[in-house]
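# Residue-level structure breakdown
Each chain, written out:
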Amino acid sequence: IMNRKFSWTASVTALYVILILAVHPIIYQDYYFNILNVKYLFYCACTIGMLILLGGYFIFTGAFKRIKLKLIPTDYAFLAFVVIATLSAAFSDFKYEAFWGNEGRFSGAFLLILYAASYFCVSRLLKFKSWFMDIALLSCMAVCIFGFTDYLGMDLLHFKVRLKTEHMDMFTSFIGNINMYTGLLSVYLGAACLLWISCPNKLRSIWYYVNVWVIFIALITGRSDNAYLSLAAAFTFIPIYAFRTRQGIRRYVVLLATFLTSLKVIEWIATTYADRVYRIDSLYNSLVSFSKLILLIKVLWIIAIILYLIDFISKKADATVSPWFSRIWIGLIVIGFAAFLYVLYDVNIAGNADKYGSAKSFLLFNDSWGTHRGVIWRLAIEDYQDFTPIHKLFGYGPDTFGLVTYYHNMDIMTNVYHQIFDSAHNEYLQFFITVGPIGLLSYLAIFVTAFIRIIKKGCQNPYVIAAMFGVLCYSAQATVNIGTPITIPIMFLFLSMALAGCREA
């Protein structure tokens, strides 16, 4: 009886996971004109349906009487986050809008509660399987390939037929805005890279390598600078895991070589077919213009070949290496981060921006930084200083950022910038303004506590670690991007699946 009960709950959550992973990224109805609405409604319908099926089962079988909940730190963090978000909506001057998020991107208290409900169901009841990640990557391939054909100007499914000419290059694939597109791909990036690094099976390794290569191409042709933050996170933190084995080391070298080779391939396409493809104006141009790039690519591929030959001859291809490789890399990360902070100080406080040449446009934070993200962030902080004490504590209400900035800065937006700043373009600042500092801290605590648990409990399962790396890469790009029902459901599902895997470890 207990096995049947467990099978029922596991089956319901597995069906839910498959629907979100396989269908949510590619579902649409009226092309880009209601794509946010459709994905939001699909996620809500799937999540509420799961809750009804599970709730009905527990009530009618009486199984809820035997439930023993042992909360982990991530549970407390998620509960705190949704409680604070609900209080924030209750105290908001725009209660209806804060609950439903209808004046933003539907990320009101209602959706945040659904995120929490989904998290508890999946992390507690799902029987984690490695093929869940394969389903996710299959859907990712559909998104990437459609996005790349859009870059080539093909518009295979006629998504852009009714778009205005000035909007053609801003929307792509099954996702919509290019920022959302590369934001979603960041989740798959971390997972695919980690699986390529760790997979011992040769056939599956080929599958994961193809995923990595396609995602690299898609991120580059997505033309959104938020992608370089997820790429930086991937290349920075994956060695901590990869540098435990000889396979990990040589495959990391291949990973670097593949990305740089992809850059040159896209540069060739952009040059050869300049009249057909969209122009790439982003940090990638700075990377491609590096005079020694071709030499670096050749060196990396030669090193990779040498490593493969050495490991093949020595028959130690799968051997572990000294833990000092990972430890040294962690030390380099710390040094690099400290150097980066110094550069930011030197540019923005000491006033030495000119000595960094063209890089100063990325390092100097002013009103024009990041397509006006600088001014949005400045206005948001200034608006927060004028909040009432209750709003300073609990924020102005979930997904009310646009209402806040509109009423506080209407003259600037209409007369100077001629646009409405309806999002902070920084998920963390967005939550700081809308659910307050305590809400933001609880949101961050979700990830910190989850990562700690995954590292402790799930490090022997590469699929669990892959899901965590997907969340990590998403978290990096979130500092300059918008969280919506297009991207966050996939990210939270990866986190929930990883914790489900830890439960069974």
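No experiment lies behind these values; they were computed from the predicted model shown.

### Section: the side chain of Ser 442
Among the structural elements, Ser 442 can be located in helix α18 (residues 427-457). Overall, the relative accessible area of 7% leaves Ser 442 in the buried class. Here Ser 442 is in contact with Ala 77, Ala 80, Phe 81 and Ile 84, once residues within four sequence places are set aside.

### Focus: the layout of surface pockets
If you add up the space inside the largest pocket, you get close to 1600 Å³. Together, 38 residues line the largest pocket, and Tyr 228, Leu 229, Ala 232, Thr 236 and Phe 340 are the ones closest to its centre. Contributing elements (two or more residues each) for the lining of the largest pocket: α9 (226-242), α10 (246-272), α11 (283-288), α13 (324-348), α14 (360-363), α15 (369-385) and α19 (462-477). Among the residues making up the lining of the largest pocket, the classes are represented as 31 nonpolar, 7 polar and no charged. Lining the second largest pocket are 46 residues, with Met 170, Asn 177, Asn 179, Arg 373 and His 425 sitting closest to its centre. Those elements giving two or more residues to the lining of the second largest pocket turn out to be α2 (35-61), β2 (176-177), α7 (178-198), α9, α14 and α15. With 6 residues, α15 is the largest single contributor of residues to the lining of the second largest pocket. Per-class residue counts for the lining of the second largest pocket are 20 nonpolar, 18 polar and 8 charged.

### A closer look at the pattern of salt bridges
This structure, assessed with the given rule, holds 11 salt bridges. Asp 422 is the salt-bridge partner of Arg 105, the closest N and O atoms lying 3.4 Å from each other. Taken together, the residues Arg 105 in the loop between α4 (95-100) and α5 (109-125) and Asp 422 in the loop between α17 (401-417) and α18 connect sequence positions 317 residues apart. With relative accessibility at 28%, the residue Asp 422 sits in the partly exposed group. We note a salt bridge from Arg 378 to Asp 367, for which the minimum N-O separation is 2.9 Å. Taken together, the residues span a long stretch of sequence, with Arg 378 in helix α15 and Asp 367 in the loop between α14 and α15 at a distance of 11 residues. When its relative accessible area of 33% is taken as the criterion, Arg 378 is described as partly exposed. Taking relative accessible area as the criterion, Asp 367 reaches 27% and is therefore assigned partly exposed.

Reading guide: rules and limits
Each chain carries its own residue numbering, running from 1 in the written order of its sequence. With the structure being a predicted model, the display of local features is reserved for residues of pLDDT at least 70 and the display and counting of side-chain atom pairs for 80 or more, all residues being used for whole-chain, interface and lining totals. As a rule here, side-chain values come from all non-hydrogen atoms in the structure, and water together with hydrogens is ignored. Comment: elements are numbered from the N terminus, with helices defined as DSSP H or I runs of at least four residues and strands as E runs of at least two. Remark: exposure states derive from per-residue accessible area (1.4 Å probe, protein chains only) relative to the maximum for the residue type, with buried under 20%, exposed over 50%, and partly exposed in between. The contact definition used throughout considers only heavy atoms, calling two residues in contact when any of these lie within 4.5 Å. Both site types are read off a 1 Å grid over the protein atoms alone. A 1.4 Å probe that fits but cannot get out defines a cavity, while an open set with protein on both sides within 12 Å along at least five of seven lines defines a pocket; lining residues have an atom within 4 Å of a point. Grid points are joined across faces, edges and corners, and a volume is the space filled by probe spheres set on the points. Residues were grouped as follows: Ala, Val, Leu, Ile, Met, Phe, Trp, Tyr, Cys and Pro as nonpolar; Asp, Glu, Lys and Arg as charged; and all remaining residues, including Gly, as polar. Salt bridges are identified by distance alone: a Lys or Arg side-chain nitrogen within 4 Å of an Asp or Glu carboxyl oxygen.

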